[in-house]
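# Fold and contact review
Below, each chain spelled out in residue letters.
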Amino acid sequence: MAMIPALLFLSLIHGVHCFYLPGVAPEDFQKGDPLKVKVNKLTSIKTQLPYSYYSLPFCTPEKIVDSAENLGEVLRGDRIENSPYAFTMQEPQLCTVLCRIMIDAKTAKQFKEKIDDEYRINMILDNLPLVVPIKRLDQASNTVYQLGYHIGLKGQHAGNKEEKYFIHNHLAFTVKYHRDLQTGSSRIVGFEVKPYSIKHEYEGKWSEKTRLTTCDPHMKRIVVNSNTPLEVEVNKEIIFSYDVEYQESDVKWASRWDSYLLMSDDQIHWFSIVNSLMIVLFLTGMVAMIMLRTLYRDISKYNELETQEEALEETGWKLVHGDVFRPPSNSDLLCVYVGTGVQFLGMVLVTMIFAVLGFLSPSNRGGLMTAMLLLWVSMGIFAGYASTNLYKMFKGAEWKKIAAKTAFMFPAIVFVIFFVLNALIWGQKSSGAVPFGTMFALVFLWFGISVPLVIVGGYVGFKKPAMEDPVKTNKIPRQIPEQAWYMNPIFSILIGGILPFGAVFIELFFILTSIWLNQFYYMFGFLFLVFIILLITCAEITIVLCYFQLCSEDYKWWWRSYLTSGSSALYLFLYAAFYFFTKLEITKLVSGLLYFGYMLIASYAFFVLTGTIGFYACFCFTRLIYSSLKID
């Protein structure tokens, strides 16, 4: 496989430094313009179950309006709605009272459960997510950003060991903007908050005009700490309030996501790349040795044999030339898996290219998942072509059956798992449950677009002439001699999956962290390099082990080539289990089932992808070496 051209490599390095093409057009604001603050889902890394903002009794606007969401946003559990917060561009606000609510037993229980599970509130302003700046002295960058702020926290009053629940009811917002000196207009480049828990006080009875004594704009008294926190208690009140401060910034609109996306662990990613490249160089050396020295010597020797008696005395891969292209058992299933793998490879490759170019930046919320779904269904034509063309090479005649299996088998398995997981989420009344309308849209994409494309691709693939085998296949299968212990199929398959997994496991850590710990992942330059390395590793390890297998006169390489590199998916799932027990704090059964259910889908997809890469590498290798022989 050819290495990446230098130009592409340089473009990837630029991708590492958070270059992106924004997902939305910039919006200019003049002083005094109203700013729309939207609320998004409540999230927790402990439960992985999102809930809509208004599932808790927060202050509500006169009418709650849902924002239009794309398919990816709905699948992510996003529920974007308007809020009662009223911001005015470049006009600071001090101690604006939002509303006052009374806590009953049900409300208190809801708040305490969400605080226990460490739920965060997410908001959006001009497509920028709300973040909490946290000072870190041990980091290269002094400030790191936490997505969303916690609903509240648990703690004790001084001198009291009993644990209490406190709610964050005062928010100090900071809106950062960049001013255009020529036009005088401004663009928003930052949206930050510092949450406080404070027991607001006032004199007399409560009314809309009541002035707080703990926080008063007329007296220039603002909230600067949480020395008198507000405890969540039954039959007590919660007064929600907020401040808004505006800060001019030198950061330009095109770079406003940089502080959100920049990571301080570039060295770890480079270590991952170097580690993976060492594996590739080692395997490349082995493949080169096999191809240039061993095979060249073998082919020369085999071709120089003059008599049949001399040939019979020989051992090695030439002896199985009459059986090496014999169709395998369960050849129909192999064709289906190879076709599905081609579909996955096309989807991942195109998605990676778009991501590296910046079209799938986090500013285009839900864009990555939407793109992957649309690319998956559109790649169905290649899946049908690959499966039926291989099927025809195996002398099959019922191409419609193979095309139908390719269109339905993998998606059906994934859909069943997804449906069960969605039912669990729905049972928890979480906003992460996919609505009926979206489920219908997914089924339409599957049956209305993917299936027809697979059938069309299958028809074209079967009509195209099948590849001819470079050597003839004997009518009677050759007996396979007893194999050494290290050539045992299970052992060699499991060994073959270690190196592909080793090439990606460091990057896998960051991907799992972004998914399950609610962090941004935008290292697509690194990810694309790792993906290319994965392709090369899968191909080379399969070729090496396939050569050893043929040399031991075992010609049943079809399925083993697929399973050798595909077994890396087993290690991926085991690593996911290790990550679950060491990095996550999930304790609820439903949340655990969701994690392992989704990781099972991911591992299954990884198996199909890597298995297909290994299969085609071995397929090309065997055709190459046997076409070089002079067989009478």
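Refer to the structure printed above.
Let me sum up the structure you'll find in this document.

So, how was this worked out
- Residues numbered from 1 in each chain as written.
- Predicted model: local features only at pLDDT ≥ 70, side-chain atom pairs only at ≥ 80, totals over all residues.
- Heavy atoms only, no water.
- Disulfide = S-S within 2.5 Å.
- Helix = DSSP H or I, 4+ residues; strand = E, 2+ residues; numbered from the N terminus.
- Phe/Tyr/Trp six-rings, centres within 6.5 Å; stacked < 30°, edge-to-face > 60°.
- Buried < 20%, exposed > 50% of the residue type's maximum accessible area, 1.4 Å probe, protein only.
- Lys NZ or Arg CZ within 6 Å of the ring centre and 35° of its normal.
- Contact = heavy atoms within 4.5 Å.

Applying the stated criterion to the full structure yields 2 disulfides. Shown here is the disulfide that connects Cys59 with Cys99, its sulfur atoms set 1.8 Å apart. Residues Cys59 and Cys99 are joined by a disulfide whose S-S torsion is about -75°; by sign, that bridge is left-handed. Residue Cys59 is found in the loop between strand 1 (34-43) and helix 2 (71-76), and its partner Cys99 is found in strand 3 (residues 93-102); the two are separated by 40 residues along the sequence. Of note for the chain: the bonded cysteines, numbered N- to C-terminal, pair according to 1-3, 2-4.

Tallied over the entire structure, the rule returns 51 aromatic pairs. A ring pair is formed by Trp557 and Phe615, whose centres lie 6.4 Å apart and whose planes are at 20°; its orientation type is stacked. Taken together, the residues span a long stretch of sequence, with Trp557 in the loop between helix 14 (524-551) and helix 15 (558-566) and Phe615 in helix 17 (residues 589-627) at a distance of 58 residues. Here Trp557 matches Phe615 in class, with each residue buried. Between Phe580 and Phe581, the ring centres sit 5.1 Å apart and the planes meet at 90°, which makes this aromatic pair edge-to-face. Exposure remark for Phe581: the relative accessible area of 65% places this residue in the exposed category. Following the ring pairs from residue to residue traces out a cluster consisting of Tyr337, Phe344, Trp376, Phe410, Trp559, Tyr562, Tyr604 and Phe607. Against the face of Tyr51 rests Lys114, its NZ or CZ located 4.4 Å from the ring centre. One cation-aromatic arrangement involves Lys392 over Phe462; the distance from NZ or CZ to the ring centre is 5.3 Å.

Here the focus is the environment of Glu81. Its place among the elements puts Glu81 in strand 2 (residues 81-88). In this structure, the C-alpha to C-alpha distance between Glu81 and Lys41, residues 40 residues apart in sequence, is 9.1 Å. Setting aside residues no more than four positions away along its own chain, Glu81 makes contact with Lys38, Val39, Ser52, Tyr53, Tyr54, Ile64, Val65 and Asp66.

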